[in-house]
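Chain by chain, the residues:
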Amino acid sequence: MLSRQHKLLVMKIVSLFSVVRGYNIPIIVLAQYLSAIFILAPEKRALDILLDSYLFMIVFASAITIASGYIINNFYDSQKDLINRPNKSMLDRLVSQKTKLSVYFSLNFMAVLIALIVSWRAALFFSAYIFLIWFYSHKIKKYAIIGNLTAAFMAVLPFFAILLYFFYHHISFDEIENHRSHFAVISAHAMFLFLLLLIREMIKDLENLKGDLANNYQTIPILYNETISKQIITVLTFLTVLPVYVLINIYDVGYMDIYFYVCFGAMLFFLLYLWKSNSKEQYLLLHNVLKFLIVSGVFCIVLINPSVLWHGKQLISNF
């Protein structure tokens, strides 16, 4: 049996895991590696990419930067979360604000230090990323439109860290022309992801209406009304057709076009349910649908070239 002190320690660890949303970090790490293997460097062996120590440091720095971002976001949103997420908020409060800030600064210092080992450019990128996350949590997120755009942009930035790494370390200036299609494909993927994330942020505004109103957040549903917010979400949903068209009809994304077709069908049902929704529970369901589409999209990246998995399996069996 654990003593009372040990139980409290375990609960604090669970609380900190909840604050940094530790369940999201592995998904982000997986997405970065799959993007590198299947989109950015399809001509390279997957094992070479997995064993790239500098790439590992970039991915690790991204992971701990995102974790620190969740901490500072939780720090500033503590009052709002008491209304919007009372159960999670009570769990998160088992760790003191002082401890959260200590972990926040430690993670940021570690991220910049790791990035500096890769290059000064990487350190500069992560320093700017850390500042943007703080500024968003402290100021920007309270304002309509710019808060939504910034949140979606920050979620996509880790993938551009991988893009910049490959640009400076694996591609010479003379080879840029040959990799233009790779840049176009990842840009189209990033645009599709950005739109899904932006839609999710706007659904969260509808979901968290009471807490935002009580804490003077100037979101679209508060400044205007829920109907205007739903109209903007509808327009953004139809805009996702543009990057999907580019990926399916102009560039070769292998079997991943199956995911995009399914996703498009799901988004049509999403819109139908959106216009019938008027409660926190219904908006939460829509939020979870978007999370499912985003996470499933990560795993579906392997559909671009599934043969990589079979070659990897044969390589492992030969050891």
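Here the structure is a predicted model, which is why all the values come from computation and not from measurement. One numbering rule holds for all chains: residues counted from 1, following each sequence as written. Residue-level local features of this predicted model are given only where pLDDT is at least 70; pairs of side-chain atoms are given and counted only at 80 or more, and the full residue set underlies all totals for whole chains, interfaces and linings. Only heavy atoms go into the side-chain values, all of them from the structure, while hydrogens and water stay out.

### So, the overall build of the protein chain
Counting its secondary structure elements, the protein chain contains 17 helices and zero strands. For the protein chain, buried positions account for 46% of its 319 residues. Sequence-distant contacts, at least 24 apart, represent 77% of the contacts inside the protein chain between residues at least 6 apart. Only DSSP runs of H or I with at least four residues qualify as helices, and only runs of E with at least two residues qualify as strands; both kinds are numbered from the N terminus onward. Classification of residues uses two cut-offs on accessible area relative to the type maximum, computed with a 1.4 Å probe and protein chains only: under 20% is buried, over 50% is exposed, and between them is partly exposed. Residue contacts are counted whenever heavy atoms from the two residues lie within 4.5 Å of one another.

### Looking at the side chain of Glu201
Within the secondary structure, Glu201 is located in helix H10 (residues 180-207). Taking relative accessible area as the criterion, Glu201 reaches 10% and is therefore assigned buried. With near-sequence residues (within four places) excluded, Glu201 lies in contact with Tyr136, Asn148, Ala151 and Ala152.

### Topic: the packing of aromatic side chains
Within a pair of aromatic rings, the relevant descriptors are the distance that separates the centres and the angle that separates the planes. Two aromatic rings, drawn from Phe, Tyr or Trp (for Trp, its six-membered ring), form a pair once their centres lie within 6.5 Å of each other, and the interplanar angle then sorts them: stacked below 30 degrees, edge-to-face above 60, tilted otherwise. Throughout the structure, instances matching the rule amount to eleven aromatic pairs. Ring plane angle 65 degrees and centroid distance 5.1 Å describe the contact between Tyr104 and Phe105, whose orientation is recorded as edge-to-face. With a relative accessible area of 55%, Phe105 lands in the exposed category. Each ring, one from Phe192 and one from Tyr259, has its centre 6.5 Å from the other, and the planes form 85 degrees; the classification is edge-to-face. Highlighted residues: Phe192 in helix H10 and Tyr259 in helix H15 (residues 257-274), separated in sequence by 67 residues. Tyr259 matches Phe192 in its accessibility class, with the two residues each being buried. Each member of the aromatic cluster is reached from another via a ring pair, and the members are Phe125, Phe126 and Tyr129.

### Observations concerning the environment of Val302
With respect to the element layout, Val302 can be found in the loop between helix H16 (280-299) and helix H17 (307-317). Owing to a relative accessible area of 18%, Val302 belongs among the buried residues under this scheme. Through-space distance from the C-alpha of Val302 to that of Met256 is 7.8 Å; in sequence the pair is 46 residues apart.

### A few points about the packing of helix H7 (residues 97-118) against helix H8 (residues 120-138)
Interhelical geometry of H7 versus H8 gives an angle of 155 degrees and a closest axis separation of 6 Å. Viewed along their axes, H7 and H8 adopt a mutual orientation that is roughly antiparallel. Side by side, H7 and H8 meet where Tyr104, Asn108, Val112, Ala115, Leu116 and Val118 of the first sit next to Trp120, Ala122, Ala123, Phe126, Ser127, Ile130 and Trp134 of the second. Under the grouping applied here, Gly and all other residues not named as nonpolar or charged are polar, the nonpolar ones being Ala, Val, Leu, Ile, Met, Phe, Trp, Tyr, Cys and Pro and the charged ones Asp, Glu, Lys and Arg. Grouping the constituent residues of the contact of H7 with H8 by class yields eleven nonpolar, two polar and no charged. Comment: axis = line fitted to C-alpha atoms, over the contacting stretch for helices; angle = value between 0 and 180 degrees taken between N-to-C directions. Oblique is the label for every angle not falling under 35 degrees (roughly parallel), over 145 degrees (roughly antiparallel), or within 65 to 115 degrees (roughly perpendicular).

### Some points on helix H2 (residues 25-40)
For H2, with 16 residues, the first-to-last C-alpha span of 21 Å sits near the 22 Å given by 1.5 Å per residue. The buried fraction of H2 amounts to twelve of the 16 residues, a majority that puts the element mostly inside the structure. Among the residues of H2, Ile25, Ile28, Ala31, Gln32, Tyr33, Leu34, Ser35, Ala36, Ile37, Phe38, Ile39 and Leu40 are the ones counted as buried. In a helix, the anticipated span is given by 1.5 Å times the number of residues less one.

### Describing the side chain of Ser35
As for its position among the elements, Ser35 is in helix H2. Classification of Ser35 by relative accessible area gives buried; the value is 6%. The definition of a polar contact used here is a pair of N or O atoms within 3.5 Å, where within protein one atom must be able to donate a hydrogen and the other to accept one, and adjacent residues in sequence count solely through side-chain atom pairs. Separated by 2.7 Å, the side chain of Ser35 and the backbone oxygen of Ala31 make a polar contact. Apart from the residues lying within four places of it in its own chain, the contact partners of Ser35 are Leu40, Phe159 and Ile301.

### Quick look at H15
Spanning 18 residues, H15 covers 25 Å between terminal C-alpha atoms, matching the ideal 26 Å at 1.5 Å per step. Of all the residues in H15, the buried ones are Tyr259, Phe260, Cys263, Met267, Phe270, Leu271 and Leu274. Buried residues of H15, seen end-on, are gathered within an arc of 110 degrees and therefore sit on one face of the element. Set apart from the buried face of H15 by more than 90 degrees, the exposed residues are Tyr261, Val262, Phe269 and Leu272. This arc is built from the directions going out from the helix axis to the C-beta atoms.

### Notes on the pattern of salt bridges
Salt bridges are defined as contacts in which a side-chain nitrogen from Lys or Arg sits within 4 Å of a carboxyl oxygen from Asp or Glu. Per the counting criterion, the structure on display carries three salt bridges. In this structure, the salt-bridge partner of Arg200 is Glu201, at a minimum N-O distance of 3.8 Å. When the shortest N-O distance is used, the salt bridge between Glu201 and Lys204 registers 3.5 Å. Here Glu201 pairs with Lys204, and both are found in helix H10, just three residues apart, close to one helical turn.

### Re the confidence of the model for the protein chain
Across the chain, each position has a pLDDT score giving the predictor's confidence in that residue, from 0 to 100. On average, residues of the protein chain score 83 in pLDDT, and 89% of them are at 70 or above. Per-element confidence in the protein chain is highest for helix H13 (residues 226-239), whose mean pLDDT is 94, and lowest for H17, whose mean pLDDT is 49. Predicted confidence is poor over residues 312-319, with pLDDT under 50, and the contacts of this stretch with residues over four places away or in other chains come to two contacts.

### Observations regarding the packing of H2 against helix H4 (residues 53-76)
Where H2 contacts H4, the axes come no closer than 10 Å and their chain directions differ by 150 degrees. As for the relative orientation of H2 and H4, their crossing is right-handed in sense. Across the interface between the two elements, Ile25, Ile28, Val29, Gln32, Tyr33 and Ala36 of H2 pack against Leu55, Phe56, Val59, Ser62, Ala63, Ile66, Ala67 and Tyr70 of H4. In terms of residue class, the contact of H2 with H4 is made up of twelve nonpolar, two polar and no charged. In this scheme the handedness of a crossing depends on how the near helix is turned from the far one: anticlockwise by less than a right angle means left-handed, clockwise means right-handed.

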